Amino acid sequence: IAVFTLLLLGVGSGHAQRWEKMPLAAPYDAGFYLDVFFLPSNPQLGWACDQKNGYIVKTTNGGATWLGIASVRAGCHLEYIQFLDANTGYCSGPGGAFKSTNGGNTWTELTFPQAFPKWGGWFRDVNNGWFTGGGCGRATFMHTTDGGTSFNVYVDSSVARSNLTDPLWDAGMATNEVYAVGNGTIWKSTDDGQTFTVFSYTGTTAPWHEELARYGSSFLVPSATDNCGTGYTGGGMRFSVDNGSTWRNRETGEQMFGAFLVNATTAWASGFNASVYYTSDGGQNWELRNCGLEGADVDDITFLDASTGWVVGDGIFRLAPPKRTQSDTS
């Protein structure tokens, strides 16, 4: 007697999980979503933002269904979205930076003390947060302590290759610590974001790092084609397990934009052409896990726990169990 088990497997993967695309009503189904966020205190609430028309979509049932609730502005390019409670949230990107006080139904544009190319943001609570951008060779950090009413400005022009994308603070950091990421460069502040200095270079080349993930002394950044003229044309992931002292680089051949650390050695990364990769050994080995994506370009990736994951881009996808298992006896 021989028993055979058939599993739905991911391309290049020995794992049975698959990605399932969630339905969206028109016109939100035509969006390209660059960030997805679930409220830590109530993960039934989640939001995603779009690159094409500033679309905001929301779930109130843990992602089982998604509803388009707003367009921040026609043609608005958004890269970041975050809510601090059920009502107060922020989003930003090249299209501007915005705040909502009613769960994302309406948004008000924030005014900065000086104009600068905007990209990402991150808030510690409803009042304290940071926005970053500035362009190649001009790292611009904006810090607010009053929910975006006023900002402290810090500009550093000493690193020609650094085009800032995202700031980062998490509960594992000291209150006065903040990180940020630019082309091939990790920045750190020890005065709550008033000033920043270079913390680590991720390599001799300086690719576009669109996101920064941190867990303890581990850092993960996705890499994409250089946009500051330092010659990098690949795509992949860079992983440090020793607080940025050394980096492991994995090239994928695709532009990679999303990164998430489940713990210090377990992580996911995402990018174009259905490129979703998984590692459980601190980036020594990566496994392609893209079953169900069907060639979709994806950008941001996040996990609520080790098995509850979301990736967005050409749609919103959740990590689901295999469609079926089959056992045959002959």
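Criteria and thresholds
- Residues numbered from 1 in each chain as written.
- Predicted model: local features only at pLDDT ≥ 70, side-chain atom pairs only at ≥ 80, totals over all residues.
- Heavy atoms only, no water.
- Helix = DSSP H or I, 4+ residues; strand = E, 2+ residues; numbered from the N terminus.
- Rg over C-alpha atoms; globule rule 2.2 N^0.38 Å.
- Buried < 20%, exposed > 50% of the residue type's maximum accessible area, 1.4 Å probe, protein only.
- Contact = heavy atoms within 4.5 Å.
- Lys, Arg positive; Asp, Glu negative; His and termini not counted.
- Charge placed at Lys NZ, Arg CZ, Asp CG, Glu CD.
- Pairing = 2+ DSSP bridges.
- Axes fitted to C-alpha atoms, helices over the stretch in contact; angles between N-to-C directions.
- Core = buried A, V, L, I, M, F, W, Y, C linked by side-chain atoms within 4.5 Å.
- Disulfide = S-S within 2.5 Å.
- Polar contact = N/O pair within 3.5 Å; in protein donor to acceptor, adjacent residues only side chain to side chain.
- Phe/Tyr/Trp six-rings, centres within 6.5 Å; stacked < 30°, edge-to-face > 60°.
- Salt bridge = Lys/Arg side-chain N within 4 Å of Asp/Glu carboxyl O.

(A) Seen up close, the overall build of the protein. A tally of regular secondary structure across the protein gives zero helices and 30 strands. Relative to the 2.2 N^0.38 estimate, which gives 20 Å for 330 residues, the radius of gyration of the protein is 20 Å and therefore close to what a compact globule would have. Considering only C-alpha atoms, the protein reaches an extent of 75 × 45 × 35 Å along its principal axes. Split into buried and exposed, the 330 residues of the protein put 56% on the buried side. Taking as baseline every contact in the protein between residues at least 6 positions apart, the subset at least 24 positions apart corresponds to 47%. In the protein, the 19 positive side-chain charges and the 30 negative ones have mean positions that sit 2 Å from each other.

(B) Quick peek at the sheet that holds strand E12 (residues 129-133). Reading across from one edge, E11-E12-E13-E14 is the order of the four strands in this open sheet, with antiparallel pairing throughout. For this open sheet the edge positions go to strand E11 (118-123) and strand E14 (152-156), each flanked by a neighbour on one side alone. The average angle at which neighbouring strand axes cross in this sheet is 20 degrees, direction not considered.

(C) Representation of the side chain of Ser223 within the structure. With respect to the element layout, Ser223 can be found in strand E20 (residues 218-223). Classification of Ser223 by relative accessible area gives buried; the value is 0%. Setting aside chain neighbours within four positions, we find Ser223 in contact with Pro207, Trp208, His209, Tyr232, Gly235, Gly236, Met237, Glu254, Gln255 and Met256.

(D) Focus on the nonpolar core. Counting residues in each nonpolar core, the largest one holds 19 residues, and the members touching the most others are Phe141, Ile186, Trp187 and Leu212. At four residues, strand E16 (residues 178-182) tops the list of elements feeding residues into this core. When sequence neighbours within four positions are dropped, the list of residues in contact with Leu212 reads Leu168, Tyr179, Ala180, Val181, Ile186, Phe219, Leu220 and Val221.

(E) Representation of unusual backbone geometry. Across the junction of Ala26 and Pro27, the peptide omega takes the value 0 degrees, indicating a cis bond. Residue placement: Pro27 occurs in the loop between strand E2 (18-21) and strand E3 (33-38).

(F) Examining the pairing of strand E8 (residues 89-93) more closely. Summarising burial for E8: five of the five residues are buried, a large majority. Burial of E8 is two-sided: the residues Gly89, Cys91 and Gly93 facing one way and the residues Tyr90 and Ser92 facing the other way are all buried. Of the strand pairs in this sheet, strand E7 (residues 80-83) and E8 are connected by four bridges, and their pairing is antiparallel. Within E8, the position partnered with Gln82 by the bridge is Tyr90. Connecting the antiparallel pair E7 and E8 is a turn made up of five residues.

(G) Up close: the state of the cysteines. Here the structure, examined in full by the defined rule, presents one disulfide. Each sulfur of the disulfide joining Cys136 and Cys228 lies 2.0 Å from the other. Disulfide Cys136-Cys228: the torsion about the S-S bond is -95 degrees, which places it as left-handed. Taken as a pair, Cys136 in the loop between E12 and strand E13 (139-144) and Cys228 in the loop between E20 and strand E21 (236-240) lie far apart in primary sequence, 92 residues in all. Residue Cys228 is classed as buried on the basis of its relative accessible area, which comes to 16%. Not engaged in a disulfide, the cysteine Cys76 finds its nearest cysteine sulfur in Cys91; these two sulfurs lie 7.0 Å apart. Assessed through its relative accessible area of 0%, Cys91 is described here as buried.

(H) Summary view of the environment of Trp107. Note on placement: Trp107 falls in the loop between strand E9 (96-100) and strand E10 (108-109). Leave out the neighbours within four places in its chain, and Trp107 touches Ile56, Ala70, Val72, Ile81, Phe83, Gly89, Tyr90, Cys91, Phe98, Lys99 and Ser100. Only 2.9 Å separates the side chain of Trp107 from the backbone oxygen of Gly104, close enough to count as a polar contact.

(I) Summary view of the packing of aromatic side chains. Taken as a whole and judged by the stated rule, the model has 28 aromatic pairs. Consider the rings of Phe141 and Phe196, whose centres lie 3.9 Å apart with planes at 10 degrees: the pair is stacked. Of the two residues, Phe141 is situated in strand E13 and Phe196 in the loop between strand E17 (185-189) and strand E18 (197-201); the sequence distance between them amounts to 55 residues. Each member of the pair, Phe141 as well as Phe196, is classed as buried. Every member of this aromatic cluster is reached through a ring pair, and the members are Phe37, Tyr80, Tyr90, Phe112, Phe116, Trp122, Phe123, Phe131 and Phe151.

(J) Region of interest: the pattern of salt bridges. For the structure on display, the rule yields six salt bridges. A salt bridge links Asp192 to Arg124; the shortest N-O distance between them is 2.7 Å. Placement of Asp192 in the loop between E17 and E18 and of Arg124 in the loop between E11 and E12 is noted, with a sequence separation of 68 residues between them. In terms of burial, Asp192 and Arg124 fall into one category: buried. Notably, a salt bridge pairs Glu287 with Arg289, separated by 3.3 Å at the nearest N-O pair. Take Glu287: its relative accessible area is 22%, and that puts it in the partly exposed class.

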